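Okay, here's what each chain looks like letter by letter:
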Amino acid sequence: MDVHDNAAASGFAQLAEESIRIVRKWRSATDVAAPAPETRLAGMVGTPGGAAFAIDLVDGVLRPQDARVVARHLERLSHEVPDGIGWGTEFDTHVSAGLASLAAGVTVPRVRERFFRLFSHLLLRLDVRGLDEHLAELTSGGGIRPALVSVATAASGQHEANRQAADVRDLLLRDDVESVSFRISAMVGSWRLIDLDGLVNDAVDRTTSLFEIAAHAENPKFIDLEVARFDELEPTLRVFERMLHDFPQLNLGIALPDAFPDSLPALRRVAEMARKRRIRRGAMATVRITRGEFLLEERSVAEQHGWSSAVFASTAERDAHHIRLLDFALHPAQTAALRVISATHDLYLTAFAWRLARARGVERSLEHEFRLGIATSDVEVVKRDVG
């Protein structure tokens, strides 16, 4: 290790110590209470099997449009209610399943409304009349820019891809929506990596109209391309590069999960794309450093096929990689063309990103992102310091 490496390690150690002190201060705050809906859902998620049950409720009851599909999911879930999840939720699930199986078309809308209340602090419905009021309430205190993510999965066919693209289009057409995120895999009916060029061309063709809506909007829009699974990384990078070129003034971003070792070389590619765009007098690009999803699924697929896992094996490795990504991105050489969003609820990583950006004089190029309805008390305390 040379003198430069020693200095860098020493600087990181000091930032780590600062971050620990800051988080201790945040954790000691007692004047911000968690909202009641968040407390109820936390109780469910905190029970054994509760998190998976909550995800199944969203995926199987709130997301599907077909009442018969919802009824079948309710019937299955009624036999899988985890012990200790709470008598009210258990009762609702069993009774709702029985009613839905008898008259799905009549009962399911009421059942969905009942369960939606459990997630109302996390999910906003496109068809709710008060969506504008929800968005206005979120931004009323200042310092918050809502980034809306359509609840969508990798499309299992063209019909589902069209429906999910329509949801994103509805969001982009709203004057009160500034930021929208979506997965390329949710917009494409067939995900065929064996023909990568064809897949990218298809994705570009199917999403260009969404970018055009954002580019011609009266108020500035931000489109972020999510990457949830490893097999989405390369196609999404290529689509992102095409859109940076085709829409030079549009505010565009891409998510890079810290769970993927390949996210660091991907970040270098994104930084180079952003630099070239600025040389062409285009707008800055954005990178969101996220925590990643579907990690267990990624490991399971790798084991089944005898592949090396595409994700890190431990949380410690992911945390270290998150810091590597921050170290590269939060540097004046990169922030001249690249805006950085640290998207994590890990307070230590949040504090480290903040202190690193301040130490390097690039604090204005960093934003912090938290999911609505999760650890609200933490969010309020952090906001006091980082803005």
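For the structure itself, look to the data block above.
Residues numbered from 1 in each chain as written. Predicted model: local features only at pLDDT ≥ 70, side-chain atom pairs only at ≥ 80, totals over all residues. Heavy atoms only, no water.

Q: I'd like a rundown of unusual backbone geometry, residues and numbers included.
A: Even without being a glycine, Arg281 presents a positive backbone phi close to 70 degrees. Tracing the backbone through its elements, the reader meets Arg281 in the loop between helix H11 (263-279) and strand S5 (285-290). Take Arg281: its relative accessible area is 74%, and that puts it in the exposed class. (Helix = DSSP H or I, 4+ residues; strand = E, 2+ residues; numbered from the N terminus. Buried < 20%, exposed > 50% of the residue type's maximum accessible area, 1.4 Å probe, protein only.)

Q: Report on the pairing of S5, specifying residues and quantitative values.
A: Working note: regular strand, side chains alternate between the two faces of the sheet. In terms of burial, S5 is largely enclosed, as six of its six residues are buried. Where burial is concerned, the two faces of S5 agree: the one with Ala285, Val287 and Ile289 and the one with Thr286, Arg288 and Thr290 are both buried. The pairing of S5 with strand S6 (residues 338-343) spans five bridges and is parallel. Counterpart to Ile289 in the pairing with S6 is Ser342. (Pairing = 2+ DSSP bridges.)

Q: Help me get a handle on the nonpolar core, residues and values and all.
A: Counting residues in each nonpolar core, the largest one holds 63 residues, and the members touching the most others are Phe182, Phe211 and Phe240. Among the elements that line this core, the one with the most residues is helix H9 (residues 196-215), at eight residues. The contacts of Phe240, once residues within four sequence positions are left out, are Leu225, Leu252, Gly253, Ile254, Val270, Met273, Ala285 and Thr286. (Core = buried A, V, L, I, M, F, W, Y, C linked by side-chain atoms within 4.5 Å. Contact = heavy atoms within 4.5 Å.)

Q: Please set out the pattern of salt bridges residue by residue, giving values where relevant.
A: Taken as a whole and judged by the stated rule, the model has 21 salt bridges. With a shortest N-O distance of 2.8 Å, Lys25 and Asp385 are connected by a salt bridge. Here Lys25 is found in helix H1 (residues 3-28), whereas its partner Asp385 is found in helix H16 (residues 376-386), with 360 residues between them in sequence. Asp385 gets classed as partly exposed once you look at its relative accessible area, which sits at 29%. Close ionic contact of Asp258 with Arg318 constitutes a salt bridge, the shortest N to O distance being 3.6 Å. Taken as a pair, Asp258 in the loop between strand S4 (251-257) and H11 and Arg318 in helix H13 (residues 315-329) lie far apart in primary sequence, 60 residues in all. The exposure class assigned to Asp258 is buried, which follows from its relative accessible area of 0%. One salt-bridge network, held together by shared partners, links Arg183, Arg229, Asp231 and Glu232. (Salt bridge = Lys/Arg side-chain N within 4 Å of Asp/Glu carboxyl O.)

Q: Just give me the short version of the environment of Pro332, but keep the residues and values in it.
A: Topologically, Pro332 is positioned in helix H14 (residues 332-335). For Pro332, the contacting residues outside a window of four places in its chain are Arg360 and Val362.

Q: Tell me about helix H15 (residues 347-359), and please be specific about residues and values.
A: Here H15 contains 13 residues, and its C-alpha end-to-end distance of 18 Å stays within 8% of the 18 Å for a straight helix at 1.5 Å per residue. Counting buried residues along H15, ten of its 13 residues qualify, which places the element largely inside the surrounding structure. Every buried residue belonging to H15 is among Leu347, Leu349, Thr350, Ala351, Phe352, Ala353, Trp354, Arg355, Leu356 and Ala357, and all of these are buried. Two to three positions downstream of the cap, the backbone nitrogen of Tyr348 sits 2.9 Å from a side-chain oxygen, assigning the N-cap of H15 to Asp346. (Expected span 1.5 Å × (residues − 1). Polar contact = N/O pair within 3.5 Å; in protein donor to acceptor, adjacent residues only side chain to side chain.)

Q: Tell me about the pairing of strand S3 (residues 222-226), and please be specific about residues and values.
A: Here S3 lies mainly inside the structure; five of its five residues are buried. Burial along S3 is two-sided: the residues Phe222, Asp224 and Glu226 and Ile223 and Leu225 are all buried. Sheet topology note: the strand S2 (residues 179-183)/S3 ladder contains five bridges and is parallel. When the sheet's bridge partners are listed, Phe182 is paired in S3 with Leu225. At this point the chain moves from S2, through H9, to the parallel S3, and the crossover so formed is right-handed. (Right-handed = clockwise from strand over helix to strand, strands pointing away.)

Q: Report on the sheet that holds S4, specifying residues and quantitative values.
A: The seven strands lie next to each other as S1-S2-S3-S4-S5-S6-S7, forming an open sheet whose pairing is parallel. Because the sheet does not close on itself, it has two edges, and the strands there are strand S1 (147-149) and strand S7 (366-369). With direction set aside, neighbouring strand axes in the sheet form an average angle of 25 degrees. Relative to S7, S6 is paired through four bridges, and the arrangement is parallel. Opposite Ile341, over in S7, you have Glu367 as the bridge partner. Against the sheet, helix H10 (residues 233-246) touches S3, S4 and S5, its axis set at about 165 degrees to S4. Here H13 sits on the sheet and contacts S5 and S6; the angle it forms with S5, its principal contact strand, is near 160 degrees. (Axes fitted to C-alpha atoms, helices over the stretch in contact; angles between N-to-C directions.)

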